[in-house]
Amino acid sequence: AFSVANTAKGIKTNIKISLPDKEDTVELWEVTIENTTDKARQLKVVPYLEWVLVGGIHDRFHTQYARLYPEMEYVGASNAVLAYQKSAKTMGILASDVAPEGFLSSRVDFIGRVRSIWSPRILETLNFLSAKDTSPYPTFDPIGSLAVNADIAPKGSVKIRFIIGFTKNKKMAVELISKHLKPQAPAKVAPAAKAKGDALLI
């Protein structure tokens, strides 16, 4: 395991990354956020992930159209974005123990036009899709992202846990998420994640 720490604007963030089980193809990310100020803070934690679900040999056949094949899906009971690559029979996982407000599955929706991962449009608009179950659907240039609320009392802290990884199918993905996260059910499903608050990109 290793950790990454940062302090900015009165917020201390520590990210601990570990392999929770040597037999499981997932990473566990534990994000601890501490409010060092005397006022309450409303934050959003926004993980961003681009999966590699095929081997390097596949890029020799086509470098771009292979990206059309993954089928994306949001699974509310697991707080997860899943990406299934038919040609390789692999499934990418991004899941949170805390129920998110919203999710995204397309890179252009996250970054925007003529933007970059260092200045994504989504952190300005917070225009995430509602965190509701979807049927699998194809997406060009797929990514996984979540919008997770982190309301922190003065001098308080919160911990949010994520897993990323891959497996062979949805059943195995759900089992891995349940094993390592035990996802919390959402109190209610927001129509969209547009509430004001600072965003913390991880």
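Predicted model only: the values in this text are computed from it and were never measured. (Residues numbered from 1 in each chain as written. Predicted model: local features only at pLDDT ≥ 70, side-chain atom pairs only at ≥ 80, totals over all residues. Heavy atoms only, no water.)

Topic: the side chain of Ser96
Moving on, step 1. When you line up the elements, Ser96 lands in strand 8 (residues 90-96).
Moving on, step 2. Exposure remark for Ser96: the relative accessible area of 0% places this residue in the buried category.
Moving on, step 3. Ignoring anything within four residues of it in the chain, the contact list for Ser96 reads Ser78, Asn79, Leu146, Val148, Ile160, Arg161, Phe162, Leu181 and Pro183. (Helix = DSSP H or I, 4+ residues; strand = E, 2+ residues; numbered from the N terminus. Buried < 20%, exposed > 50% of the residue type's maximum accessible area, 1.4 Å probe, protein only. Contact = heavy atoms within 4.5 Å.)

Looking at the sheet that holds strand 3 (residues 26-35)
Moving on, step 1. Sheet architecture is open: eight strands sit in the order 1-2-3-13-8-7-6-11, paired in antiparallel fashion. Strands at the two margins of the open sheet, each flanked by one partner only, are strand 1 (2-8) and strand 11 (137-138).
Moving on, step 2. Strand direction decides the pairing type here: strand 2 (residues 11-18) and strand 3, joined by eight bridges, are antiparallel. Note that in strand 3 the partner of Thr13 across the bridge is Ile33.
Moving on, step 3. Across the sheet, helix 3 (residues 170-180) lies against strand 3, strand 6 (71-75), strand 7 (80-85), strand 8 and strand 13 (157-167), angled at about 150° from strand 13, the strand it touches most. (Pairing = 2+ DSSP bridges. Axes fitted to C-alpha atoms, helices over the stretch in contact; angles between N-to-C directions.)

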